[in-house]
Amino acid sequence: MRNDAARIRRPVEGELLLLQEIERRAGAPFAEIGLEEIAQDDPPSLDELREALAADQLWVSVDEEDAPWAYLFAIEVDGLPHVEQVSVDPRGARRGLGRQLIEFVAESARRKGASAMTLTTFRDVPWNAPYYERLGFRTLDEAELGPELIALRREEIERGLDRWPRVAMRRELPSSSGVDS
């Protein structure tokens, strides 16, 4: 894979199993830092991925042969795009694929009038909250969470994810000064 900008597109049905495998491989490094349960967590089901695909909530970053190396799954939470999952195959790590996917979704959301985007992540995992901070996200205080983001955080707590500190984050999406097409 070249180091230039990745090509981003919607996946096709036949690639959904590959997206699950990308997520499994992307989760493996969590075991190396003591988060074995996270490393072993199941990826979204094929039905969930199909629903995301049908709802135009799923994008892949592909190599020169058009094979996916990374994917991003975004949903709407409190009227804003919310990064539900971004996974990069470790073989394609450190090439900016996750960043490019996030920038693609941010620009698309901005063009559609979204003022911000959100996500939830592990506070102390280097490739989680510290990484997202470098991409312009900031940690939200509890008082800043909307009702759907509060509900999402409650679901994470019920799943046991808060055994490791988690945060909700937000990135502002300033409107462009030009006319959108």
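Residues numbered from 1 in each chain as written. Predicted model: local features only at pLDDT ≥ 70, side-chain atom pairs only at ≥ 80, totals over all residues. Heavy atoms only, no water.

Caption draft 1: Examining the nonpolar core more closely. Of all hydrophobic cores here, the largest spans 24 residues; its most connected members are L72, M117, Y132 and F137. Looking at this core, the elements that each hand over two or more residues are β3 (68-77), β4 (80-88), α4 (97-111), β5 (116-122), α5 (129-134) and β7 (166-172). Broken down by element, the residue count for this core peaks at 6 residues, all from α4. In this structure, F137 is in contact with I102, M117, T118, L119, Y132, M169, R170 and R171, ignoring residues within four places of it in sequence. (Core = buried A, V, L, I, M, F, W, Y, C linked by side-chain atoms within 4.5 Å. Buried < 20%, exposed > 50% of the residue type's maximum accessible area, 1.4 Å probe, protein only. Helix = DSSP H or I, 4+ residues; strand = E, 2+ residues; numbered from the N terminus. Contact = heavy atoms within 4.5 Å.)

Caption draft 2: The arrangement of the packing of helix α1 (residues 16-32) against helix α3 (residues 46-54) in detail. For the pair α1 and α3, the least separation of the axes is 10 Å and the interaxial angle reads 115°. As the angle between them shows, α1 and α3 are arranged roughly perpendicular. Crossing handedness for the pair α1 and α3: right-handed. Two secondary-structure elements touch here, α1 through L16, L17, L19 and Q20 and α3 through L46, L49 and R50. Within the contact of α1 with α3, the residues separate by chemical class into 5 nonpolar, 1 polar and 1 charged. (Axes fitted to C-alpha atoms, helices over the stretch in contact; angles between N-to-C directions. Parallel < 35°, antiparallel > 145°, perpendicular 65-115°, else oblique. Left-handed = near helix turned anticlockwise from the far one by under 90°. Nonpolar A, V, L, I, M, F, W, Y, C, P; charged D, E, K, R; others polar.)

Caption draft 3: Broad picture of the packing of aromatic side chains. On inspection of all chains with the given rule, the structure shows 6 aromatic pairs. Considering the side-chain rings of F30 and W127, the 5.2 Å spacing of their centres and the 70° angle between planes classify their relative orientation as edge-to-face. Placement of the pair is F30 in helix α1 and W127 in the loop between β5 and α5, with a sequence separation of 97 residues. W127 gets classed as partly exposed once you look at its relative accessible area, which sits at 32%. A connected cluster of aromatic rings, assembled from ring pairs, spans F30, F122, W127 and W164. (Phe/Tyr/Trp six-rings, centres within 6.5 Å; stacked < 30°, edge-to-face > 60°.)

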